[in-house]
Amino acid sequence: MSTGTGADSAPGHTSTTTTGHPAGSAHATGPTRSTSPTGSTRSTGSTGSTGSTGKNNSMFSSLKIRNYRLFATGQAVSNTGTWMQRIAQDWLVLSLTGSASAVGITIALQFLPMMLLGLYGGVLADRLPKRPLLIATQTLMGLTGVALAALTLAGHVQVWHVYLAAFLLGLVSVVDNPARQTFVPEMVGKEQLANAVSLNSANFQSARLVGPAIAGVLITAVGVGWAFLLNGLSFAAPVAGLLLMSTRELRPAETQPRAKGQLREGLRYVAGRPELIWPIVLVGFIGTFGFNFPIWLSAFVSDVFHGDAGTYGLFNTLIAAGSLAGALLAARRGHSRLRLLVAAAVLFSALEVVTAFAPGFWLFAALLVPIGMFGLTVNVTANASVQMACDPEMRGRVMALYMMVFTGGTPIGAPVVGWVTDTYGARIGMAAGGLVSLAAAAAIAVILSRVGNLRLSVSRRGVTFVPSPRPRELVTAA
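Residues numbered from 1 in each chain as written. Predicted model: local features only at pLDDT ≥ 70, side-chain atom pairs only at ≥ 80, totals over all residues. Heavy atoms only, no water.

As for its placement among the helices and strands, Leu-338 is situated in helix α12 (residues 338–356). Spatially, the C-alpha atoms of Leu-338 and Leu-448 are 8.2 Å apart, while their sequence positions differ by 110 residues. (Helix = DSSP H or I, 4+ residues; strand = E, 2+ residues; numbered from the N terminus.)

Rendered as C-alpha cells:
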C-alpha cells in the first residue's frame, strides 16, 4: 500500500509533494535571503506565509500536466488499496488479539523504521534518480501485500505475521516517502507546488472514502485476505504510470554526489531556520499523539458503541470526507500560511477533546468530519510551507526529516495511547491525545508569533495575529 503522507503515512497521515525547479536552476523556492553587513543571513520574507504565486492556480491545474496525470491516476488506485489494507489490518489484529494495544503495536512497527532510518532515506532520495527508485519501492510494497494475503487466505496468518509485514512495509517506506515527495516537483515545477500538494492529499482522501467501504464489504462477505490481495495488486497501477511517463517532460533535480556528513548537513540546515523547524515540531506532536485514529476508532466501535467492521469503516469514511473537503479547499487557496497551520492545529486538537466525550453515536460520527478537515489542513499546510521554504538540493533530507518526525513518532505515541485507551477507556485515550496536541499547538503559536514579530489582536472580527509596530528581521543561520 502507498504510505503517503500523507499521511503517509501514519494512521490518518497523508503524504504530499514537493516543489520543483527548472532543470539546471539552483534558485531556492523559499523566502528570499540577504546577507547583512555582519555576515548573517536574513530572511526578507514573512514567516507567516509561504506558497506559490503562479497564475495557473485553479483547483485542478496540476492535472493539465500529462506526467502528473499518470502519477495521480496510479496513486488513486494504489491509495484505494492502501485504505482497504489499513482497515483490514487493524480489524485482523483486533480480531486475533482483542486488544487496542496490539493495534498500536502494529502501527508502531510500521513506522519504527521511519523513526530510526528516515534521514538516511532522505539522503538516498537526494542522491538517486527518483523515477527508477520509485518503481523499485512501489513493486516491493505490492509484494508485501500479496505475501500477507497468501498467509491470510491459506488460514495460517498469526499476529506476528502482521507485525512482520508492517515492519517490512515501513522499511521500504523509509526510501519511498522522500523519493515520492521529491519526485512530484520534477513533474509539475515550482509554480504548481501548493496545488499539487493539495491534490495529492485530495487523491489520498478520496481513496479513503472508497477503500474503507470496500474493505467493510469484503471483510464481512469473504474475509480480510481479499482486501490484502487487492491492495498488493493495486501497485501495478503506479508502476505502470511511472513506466509510461515521458522522461523528456520531467524536470529532474540535480542529484547530490555521495559525500560524508550529508545527514548532519541536513539537520544543521533545518535547525538554523525557524520557518522549517517549528512547523516540523508541531506536526511531530500532532502525528505522535493526535493521529492515532485506528486505536481510538476501533476501541469506540468495540467498547463504546458495540459495532462491527462496517461501523469501523463508516467512521474512517467520515474522517475521509472531512479530509477531502480540507484538501480541496487547500487546492483552491494555492498558498500556505503558518498562521493557518497553527489555527488548524488548535481547532483539530480541541475537536478531538470534544468528540471524545460526545454522548451519542451520531454526534460522535458527525464530529469526525471537521476533525478530518482540520487534520488534513494541518498536514497540507505544514508540508507545503516546509517544502517552499527549503532549497532544492536539500529537499530530500528536509522532507525525510519532516516525515520522520510526522510518522516516526508513532512508535512512541501509538503504544502509549493504546495503553491509555485499554486502561482508562476510549474516551480518556482520545481526549488525552487531543490535549497533548492542543498544548503543543498553543506553545508553538506563541513561538512563531515571536519569531515572526506578531502580536495577538482581539477585535470584532475575532482573535488573530497581526504584525507588531516594530518589525524585526528573522535571523537564520548562514
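So, on to the nonpolar core. Proteins that are soluble and globular tend to have nonpolar side chains buried together. In this structure, Phe-293, Leu-297, Phe-315, Phe-364, Leu-368, Tyr-402 and Met-430 are the most contacted members of the largest nonpolar core, which totals 84 residues. The element best represented in this core is helix α13 (residues 361–389), accounting for 10 residues. One finds Leu-70, Ile-135, Ala-179 and Val-188 within the second-largest nonpolar core, a separate group that totals 19 residues. (Core = buried A, V, L, I, M, F, W, Y, C linked by side-chain atoms within 4.5 Å. Buried < 20%, exposed > 50% of the residue type's maximum accessible area, 1.4 Å probe, protein only.)

Moving on to the pattern of salt bridges. With the rule as written, the count across this model stands at two salt bridges. Of the charged contacts in the structure, one is a salt bridge between Glu-186 and Lys-130, with a shortest N-O distance of 3.7 Å. Linking Glu-186 in helix α4 (residues 159–188) with Lys-130 in helix α3 (residues 130–153), this pair joins segments that are 56 residues apart in sequence. With a relative accessible area of 6%, Glu-186 lands in the buried category. Note that Asp-176 and Arg-180 form a salt bridge whose closest N and O atoms lie 2.7 Å from each other. With Asp-176 and Arg-180 both in helix α4 and four residues apart, the pair spans about one turn of that helix. When sorted by exposure, Asp-176 lands in the same class as Arg-180, which is buried. (Salt bridge = Lys/Arg side-chain N within 4 Å of Asp/Glu carboxyl O.)

As a further point, take the environment of Arg-397. Position of Arg-397 relative to the elements: it lies in helix α14 (residues 395–408). For the pair Arg-397 and Gly-122, spaced 275 residues apart in sequence, the C-alpha to C-alpha distance is 4.2 Å.

This part takes up the confidence of the model for the protein. The predicted model of the protein has a mean per-residue pLDDT of 77, with 78% of residues at 70 or higher. In the predicted structure, residues 1–56 sits below a pLDDT of 50 and forms 214 contacts with residues beyond four places in sequence or in another chain. Every residue in residues 471–478 is under pLDDT 50, and counting partners more than four places away or in other chains gives 25 contacts. (pLDDT = per-residue confidence, 0-100. Contact = heavy atoms within 4.5 Å.)

Secondary-structure assignment places Asn-292 in the loop between α9 (274–290) and α10 (293–304). Judged by relative accessible area, Asn-292 falls into the buried class, the value being 0%.

A contiguous nonpolar surface patch, about 670 Å² in accessible area, is contributed by Leu-116, Leu-117, Tyr-120, Trp-160, Leu-164, Leu-168 and Leu-171. Broken down by secondary-structure element, the contributors of at least two residues to the nonpolar patch are α2 (100–127) and α4. Per element, the largest residue contribution to the nonpolar patch is four residues, and it comes from α4. Locating Leu-117 in the fold gives a position in helix α2. (Patch = residues over 30% accessible without salt bridge, like charges linked within 9 Å, V, L, I, M, F, W, Y side chains within 5 Å. Areas by Shrake-Rupley, 256 points an atom, 1.4 Å probe, with all protein chains shown as cover.)

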